[in-house]
Amino acid sequence: MKISLKYYTIKYLTLILLAVIAVWAALYYAYILDEVYDNVDDGLKNRKIQLIKAVYVDPNLLKNNEFGFNEFNINPVSPLKYTEKNKLYNKMYYMEYDDEDEPYRVLETDFIDQYGKYQKLVVRTSTVEEDELIYDLTTALVILYFLLVISVILVNGLLLNKALKPFYHILNNLKKYQFGQHSVYEKKTYAIKEFNDLNTEIEGMIGRNELVFLQQKQFIENASHELQTPLAIAINKLDFAMRNDELSEDHLKLMSEVKSNLSRMTSLNKSLLMLSKIENNQFNKSENIIFNDIIKELLLDYEDYIEHKEITTHVIEEEKFSANFDPDLAIILLSNLLKNAIRYNKVDGELEIEIKENLIIVKNTGLDAPLDQAKIFNRFYKQGTEQSSTGLGLSIIKTIIKQYPNWDIVYEYNDGYHCFMVSKK
């Protein structure tokens, strides 16, 4: 699935931020935890010193063998286990008031009393408040973490929107631009150097391409017009020569084939010129056209051709198909569509035309196999072995449809019928 540059950037920025801030949060949490325990441990060490001093003053404290109100106990220890080092650790102790275990920080140390005996002093202090502080800090840290990530994403999104605004403007101009249709590419200067350079290069490229296109268009039009006259003269001279009674049958057949090829060349020349005019937007009139009426008129024009091939015709007129369309293009579109359905139909075949409000379906019998949907609208693609075909009829239809963005033409092969469906939104 493709995503926009903005969301692509935000996605990876979010993942990086999540990782970086998570590491930072973990380090910060460890630092806060260490500071809290350092403070608690300092308090325990100070209390240890005070208790040892108090024992030398009051020997009765040596009898305090269980944790009591003062949160310490003193018990004898063997000389072999004696150590002067402090041992600090966390431990859970049962509290009667809360009826559950509570966390404590514990310090163990050994000392020699005033009687020369070895004693173990265990001092503890509750860390409930410290744990609550850590919990509150952790909660605040998590909230801050998500707020920071969301804020960065929002700010980055806004900045990207602003930074990419020239890009979207250039893209929108390119979408509206239609090659060779006299549409003007909007020129604009941008503050961001890269986008300004991009826009300048696009303007230059469009100018160069338009110039080449104009030269090609003029060449095609001139060549087509210049070819029409000598082709017409050649065909007329052949007609005149073929009236000579002294010509043999072989010569007449040869000249007939030449005339047929010249006629095909004339038709091909006219079709190419037609394609050029359509692509150059030389048909730019627009009026409300009722396609039903044009179809009926064209069927009358092709009546002899239809009868010659003994084709059965059915017109199913459910609704009026009307649209704002160039009248000449409408005739060319429907003419090529019907000629295609008649020319490639089989003898004693069927032609069915279904007309709805937004859909025209032309069905015809013919080849007992579907046509190549990927190539059928390509120029010079031919169905079957029809020699008189130029292979441009369906290409002209497709080119006309392209001039109207809300229109489409689709080919399907259903139940032995070749179906061409022209639709509009």
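Residues numbered from 1 in each chain as written. Predicted model: local features only at pLDDT ≥ 70, side-chain atom pairs only at ≥ 80, totals over all residues. Heavy atoms only, no water.

Although it is not a glycine, E310 sits at a positive phi angle of roughly 55 degrees. Within the element layout of this structure, E310 appears in the loop between α7 (303-308) and β6 (312-317). Given a relative accessible area of 48%, E310 falls into the partly exposed group. Positioned with a positive phi, D348 is a non-glycine residue whose angle comes to about 65 degrees. Summarising the element assignment, D348 is placed in the loop between α8 (327-343) and β8 (350-355). (Helix = DSSP H or I, 4+ residues; strand = E, 2+ residues; numbered from the N terminus. Buried < 20%, exposed > 50% of the residue type's maximum accessible area, 1.4 Å probe, protein only.)

A few words now on helix α9 (residues 393-402). A large share of α9 lies buried, amounting to seven of its 10 residues. All of the buried residues along α9 are L394, S395, I396, I397, T399, I400 and I401.

This part covers the sheet that holds strand β3 (residues 100-112). Pairing between sheet strands relies on hydrogen bonds along the backbone, with the strands arranged either parallel or antiparallel. Here four strands make up an open sheet; going across it, the order is β1-β4-β3-β2 and the pairing antiparallel. Each having just a single partner strand, β1 (72-76) and β2 (87-95) make up the two edges of the open sheet. On average, each strand axis in the sheet is inclined to that of its neighbour by 30 degrees, with strand direction left out of account. Bridge count between β1 and strand β4 (residues 118-126): five bridges; the pairing is antiparallel. Opposite F72, over in β4, you have V123 as the bridge partner. (Pairing = 2+ DSSP bridges. Axes fitted to C-alpha atoms, helices over the stretch in contact; angles between N-to-C directions.)

Moving on, we come to a negative patch on the surface. Residues D34, E35, D38 and D42 make up a contiguous surface patch of negative charge. Judged by its relative accessible area of 32%, E35 is partly exposed. (Patch = residues over 30% accessible without salt bridge, like charges linked within 9 Å, V, L, I, M, F, W, Y side chains within 5 Å. Areas by Shrake-Rupley, 256 points an atom, 1.4 Å probe, with all protein chains shown as cover. Salt bridge = Lys/Arg side-chain N within 4 Å of Asp/Glu carboxyl O. Lys, Arg positive; Asp, Glu negative; His and termini not counted. Charge placed at Lys NZ, Arg CZ, Asp CG, Glu CD.)

Most of strand β11 (residues 417-424) is tucked away, with six of its eight residues classed as buried. With six bridges connecting them, strand β9 (residues 359-364) and β11 associate as antiparallel partners. By the bridge assignment for β11, L359 is matched with S423. In this sheet, β11 lies alongside strand β10 (residues 407-414) in antiparallel orientation, the contact comprising eight bridges. Bridge pairing in β11 links Y411 to F420. Remark: two residues form the turn of the hairpin made by β10 and β11, two consecutive strands paired antiparallel; D415 in that turn has positive phi of roughly 50 degrees.

Further remarks concern the pattern of salt bridges. This model, assessed by the stated rule, comprises nine salt bridges. R105 serves as the salt-bridge partner of D41, at 2.7 Å between the closest nitrogen and oxygen. Here D41 is found in helix α1 (residues 5-57), whereas its partner R105 is found in strand β3, with 64 residues between them in sequence. Using a relative accessible area of 7% as the deciding quantity, one classes D41 as buried. Judged by relative accessible area, R105 falls into the buried class, the value being 11%. The partner of E317 in a salt bridge is K296, and the shortest N-O contact between them spans 3.2 Å. One end of the pair, E317, is in strand β6; the other, K296, is in helix α6 (residues 291-301), and 21 residues separate them in sequence. Of the residues examined, K296 reaches a relative accessible area of 38% and is grouped as partly exposed. Salt bridges sharing common partners tie together E108, D110 and K120.

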